[in-house]
Amino acid sequence: MLSIARSYDNMISFYVQVSKIMKEYDEIFMREALLEAKKAYACREVPVGAILVCHDTVIARASNAVEKNCDASQHAELLCMKRGAAELSNWRLHDCTLYCTLEPCAMCAGAMILFRLKRLVYGAKDLRHGAIEVLEKPHEIHRVAYEGGVLVEEAKNLMQDFFRERRKEHV
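The residue numbers shown here count from 1 along each chain, following its written sequence. With pLDDT at 70 or above as the cut-off, local features in this predicted model cover only qualifying residues; side-chain atom pairs require 80 or more to be listed or tallied, and sums for whole chains, interfaces and linings still use all residues. For the side-chain quantities, the full set of heavy atoms in the structure was used; hydrogens and water were omitted.

With respect to the sheet that holds strand E5 (residues 145–147)
Sheet strands associate in pairs through backbone hydrogen bonding, adopting either a parallel or an antiparallel arrangement.
Then, in step 1: For two strands to be treated as a pair, DSSP must find at least two bridges joining them. Only DSSP runs of H or I covering at least 4 residues are called helices, and only runs of E covering at least 2 are called strands; the numbering of each starts at the N terminus. What the five strands build is an open sheet, ordered E2-E1-E3-E4-E5; its pairing is mixed. Single-partner strands in this sheet number two, and they are strand E2 (57–63) and E5. Across the sheet, the mean angle separating the axes of adjacent strands is 20° when strand polarity is ignored.
Then, in step 2: Pairing between strand E1 (residues 49–54) and E2: six bridges, direction antiparallel. Looking at the pairing, isoleucine 51 lines up with arginine 61 of E2.
Then, in step 3: Here helix H3 (residues 76–88) sits on the sheet and contacts E1, E2 and strand E3 (96–102); the angle it forms with E2, its principal contact strand, is near 140°. Axis definition: a line fitted to C-alpha atoms, limited for helices to the stretch in contact. Angles are taken between N-to-C directions and run from 0 to 180 degrees. Contacts are assigned to residue pairs with any non-hydrogen atoms lying within 4.5 Å of each other.

Dropping the structure here:
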């Protein structure tokens, strides 16, 4: 009985260590997504950035380009997944994790399912257009795992600074 308890304790310890490593790993890649968001900010776009990682390698990067292209579908997440699919020559992103600074909207969440994305990691909640519930619904085609709140303060502060500046311009 004691050996079973010890095995269980070892297993719990292992999962705690893996969890800590994943958190550090997610933060490293989220910092890369934040760099993309800062590029959008500099171009007067809503500061959302995304990177796509496949087998520990960044294969695509994007930032919002809605204003630049006068196209509401030019969200960082969607652009990033399209670029990643082109890089892999495969629209199925089974082995990929998308890191995005903001919770996805319904359009982007739906695209994540259709692209068969393995996992999403996002920073701040989107209080106006966030649609993480799209990923929570059982879907017969595919299910996307997700983790929210990674470097949330940095992502939230960038967004708040951007809109604070925009409001000052319109006073």
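Text resumes after the structure shown.
Overview of the nonpolar core
Then, in step 1: Joining through side-chain atoms within 4.5 Å is the link that ties buried Ala, Val, Leu, Ile, Met, Phe, Trp, Tyr and Cys residues into a set, and such a set is a nonpolar core. Partly exposed residues are those whose accessible area sits between 20% and 50% of the maximum for their type, while under 20% is buried and over 50% is exposed, using a 1.4 Å probe and protein chains only. Formed by 49 residues in total, the largest nonpolar core has its most connected members in Leu52, Leu98, Met112, Leu117 and Leu120.
Then, in step 2: Those elements giving two or more residues to this core turn out to be helix H1 (2–42), E1, E2, H3, E3, helix H4 (106–114), strand E4 (119–124) and helix H6 (152–169).
Then, in step 3: In this structure leucine 120 touches Leu98, Cys100, Pro104, Met112, Ile132, Leu135, Val144, Ala145, Tyr146 and Glu147, once residues within four positions along its chain are discounted.

Comments concerning the layout of surface pockets
Then, in step 1: Whether a set of points on the 1 Å grid over the protein atoms alone is a cavity depends on a 1.4 Å probe fitting there but being unable to get out, while an open set qualifies as a pocket with protein on both sides within 12 Å along at least five of seven lines; lining residues are those with an atom within 4 Å of a point. Grid points are joined across faces, edges and corners, and a volume is the space filled by probe spheres set on the points. Looking at the largest pocket, its volume works out to about 740 Å³.
Then, in step 2: Around the largest pocket, the lining comprises 28 residues; the ones closest to its centre are Val46, Leu102, Asp126, Met159 and Phe163.
Then, in step 3: At eight residues, H6 tops the list of elements feeding residues into the lining of the largest pocket.
Then, in step 4: Amino acids outside the nonpolar list (Ala, Val, Leu, Ile, Met, Phe, Trp, Tyr, Cys, Pro) and the charged list (Asp, Glu, Lys, Arg) are all regarded as polar, and Gly is one of them. Here the residues of the lining of the largest pocket sort into 13 nonpolar, four polar and eleven charged.
Then, in step 5: When its volume is computed, the second largest pocket comes out at roughly 190 Å³.
Then, in step 6: Residue lining of the second largest pocket: Met22, Tyr25, Val53, Cys54, His55, Asp56, Asp95, Cys96, Thr97, Tyr99, Lys118 and Arg119, and that is the complete set.

What about the packing of H3 against H4?
Then, in step 1: Interaxial distance between H3 and H4 falls to 9 Å at its minimum, and their mutual angle equals 25°. Accordingly, the angle class assigned to the pair H3 and H4 is roughly parallel. The handedness of the crossing between H3 and H4 comes out as left-handed. Listed contacts from H4 to Glu77, Leu78 and Met81 of H3 are Met107, Cys108, Ala111 and Met112.
Then, in step 2: Of the residues in the contact of H3 with H4, the class split is six nonpolar, no polar and one charged. Comment on the angle field: the value is read as roughly parallel under 35 degrees, roughly antiparallel over 145, roughly perpendicular from 65 to 115, and oblique elsewhere. Put simply, a crossing is left-handed when the front helix is turned counterclockwise from the back one by less than a right angle, and right-handed when it is turned clockwise.

Considering the pattern of salt bridges
It is possible for side chains bearing opposite charge to pair when their charged atoms get close.
Then, in step 1: Salt bridges are counted wherever a side-chain nitrogen of Lys or Arg sits within 4 Å of a carboxyl oxygen of Asp or Glu. In the structure shown here, the tally under the stated rule is ten salt bridges.
Then, in step 2: For glutamate 32, the salt bridge is made with arginine 61, and the minimal N-O distance between the two is 2.7 Å. Here the residue glutamate 32 occupies a position in helix H1, and arginine 61 occupies one in strand E2, the gap between them amounting to 29 residues.
Then, in step 3: Looking at arginine 61, the relative accessible area reads 32%, which means it is partly exposed.
Then, in step 4: We note a salt bridge from arginine 166 to glutamate 169, for which the minimum N-O separation is 3.6 Å.

Points about the side chain of asparagine 64
Then, in step 1: Summarising the element assignment, asparagine 64 is placed in the loop between E2 and helix H2 (66–69).
Then, in step 2: Within the local environment of asparagine 64, its side chain forms a polar contact with the backbone nitrogen of alanine 76, the two atoms lying 2.8 Å apart.
Then, in step 3: Excluding anything up to four places from it in sequence, asparagine 64 contacts Ala40, Glu45, Val46, Val48, Gln74, His75 and Ala76. Between N or O atoms, a polar contact is any pair within 3.5 Å; within protein, one atom must be a potential hydrogen donor and the other a potential acceptor, and residues adjacent in sequence are included only when both atoms are from side chains.

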